[in-house]
Amino acid sequence: MKASFQGNEKEKTAICYALMLAGTNHPEEVCRRLKFDNETVAMVKMLHENRETVYTGDKVQTRRLLNRLGEDNLRLLFAYQKARLHQNLHPVEIAKIDREEELVREVLTAGECCDLKLLAVKGADLIAAGIAPGKELGDCLNRLLDIVIEDPTKNEKEYLISCLGAESKGVT
């Protein structure tokens, strides 16, 4: 494994197990049989499920990955994929992962919204705008998050609230 990965011992162990179990169809099941702790099982499962992730160098895709996996899991996935590629000597693919890591750093440094925590509107704002609490509220927040992931400049409270009005009239 490349020395630049700075994860903790548990993460490094999960990467090693995921590499060893890469050829199996059910690594989670194997980990449970071997009595691995739940955190390690979850990391190995996440690595296995996302092992074929392809990076396009597109910031929208990067923000979606950050939203879906979170910063720590994405960092772990990069290290795992690089370790797999080092085993098979694929420098071009490793360069793609390096570029994606750079995009993640750019997105995080710029403070671009990739999850609901950074969205300019909160549930209380939508309730004040007339959205009923519950599933509809969560769906609205996720639709607004999708808009902001596509274009981070739209992460402004007034704009997002106006999107709700347009959405209810069938315009987006």
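Here, the structure is the one placed above.
Keep in mind the model is a prediction, meaning the values are calculated, not measured.

Engineer: Hey, could you go over the packing of aromatic side chains for me, with residue numbers and the actual values?
Structural biologist: All told, the structure shown has two aromatic pairs when counted by the stated rule. With a centroid separation of 5.4 Å and 65 degrees between ring planes, the pair formed by Tyr55 and Phe78 is classed as edge-to-face. Of this pair, Tyr55 sits in the loop between α3 (38–49) and α4 (59–69) while Phe78 sits in helix α5 (residues 71–88), placing them 23 residues apart in sequence. With a relative accessible area of 3%, Phe78 lands in the buried category.

Engineer: Any chance you could break down the state of the cysteines for me, citing the residues and the numbers?
Structural biologist: Overall, the coordinates contain zero disulfides when judged by the stated rule. Cys113 takes part in no disulfide bond, and the closest cysteine sulfur to it belongs to Cys114, at a distance of 6.6 Å. Given the relative accessible area of 2%, Cys113 is considered buried. Here Cys163 is not cross-linked by a disulfide; its sulfur's nearest cysteine counterpart is in Cys140, at 11 Å. Given the relative accessible area of 12%, Cys163 is considered buried.

Engineer: For the side chain of His48, give the residues involved together with the corresponding values.
Structural biologist: Here His48 is to be found in helix α3. Those residues in contact with His48 that sit more than four places away from it in its chain are Ala22, Thr24, Asn25 and Pro27.

Engineer: Hey, could you go over the packing of α5 against helix α6 (residues 91–110) for me, with residue numbers and the actual values?
Structural biologist: Running from N to C, α5 and α6 point in directions that differ by 165 degrees, and their axes come no closer than 9 Å. Here α5 lies roughly antiparallel to α6, going by the angle between them. Classified by chirality, the crossing of α6 by α5 is left-handed. On α6, the residues touching Glu71, Leu74, Phe78, Gln81, Lys82, Leu85 and His86 of α5 are Glu93, Ile94, Ile97, Asp98, Glu100, Glu101, Val104 and Leu108. For the contact of α5 with α6, the per-class residue count stands at seven nonpolar, two polar and six charged.

Engineer: Just give me the short version of the packing of α4 against α5, but keep the residues and values in it.
Structural biologist: Relative orientation of the contacting elements α4 and α5 amounts to 110 degrees, with a least axis distance of 7 Å. Relative to α5, α4 is oriented roughly perpendicular. The crossing of α4 and α5 is right-handed. Contacts between α4 and α5 involve Leu65, Leu66 and Leu69 from the former and Glu71, Asn73, Leu74 and Leu77 from the latter. Residue composition of the contact of α4 with α5, grouped by class: five nonpolar, one polar and one charged.

Scoring rules and cut-offs
- Residues numbered from 1 in each chain as written.
- Predicted model: local features only at pLDDT ≥ 70, side-chain atom pairs only at ≥ 80, totals over all residues.
- Heavy atoms only, no water.
- Phe/Tyr/Trp six-rings, centres within 6.5 Å; stacked < 30°, edge-to-face > 60°.
- Helix = DSSP H or I, 4+ residues; strand = E, 2+ residues; numbered from the N terminus.
- Buried < 20%, exposed > 50% of the residue type's maximum accessible area, 1.4 Å probe, protein only.
- Disulfide = S-S within 2.5 Å.
- Contact = heavy atoms within 4.5 Å.
- Axes fitted to C-alpha atoms, helices over the stretch in contact; angles between N-to-C directions.
- Parallel < 35°, antiparallel > 145°, perpendicular 65-115°, else oblique.
- Left-handed = near helix turned anticlockwise from the far one by under 90°.
- Nonpolar A, V, L, I, M, F, W, Y, C, P; charged D, E, K, R; others polar.

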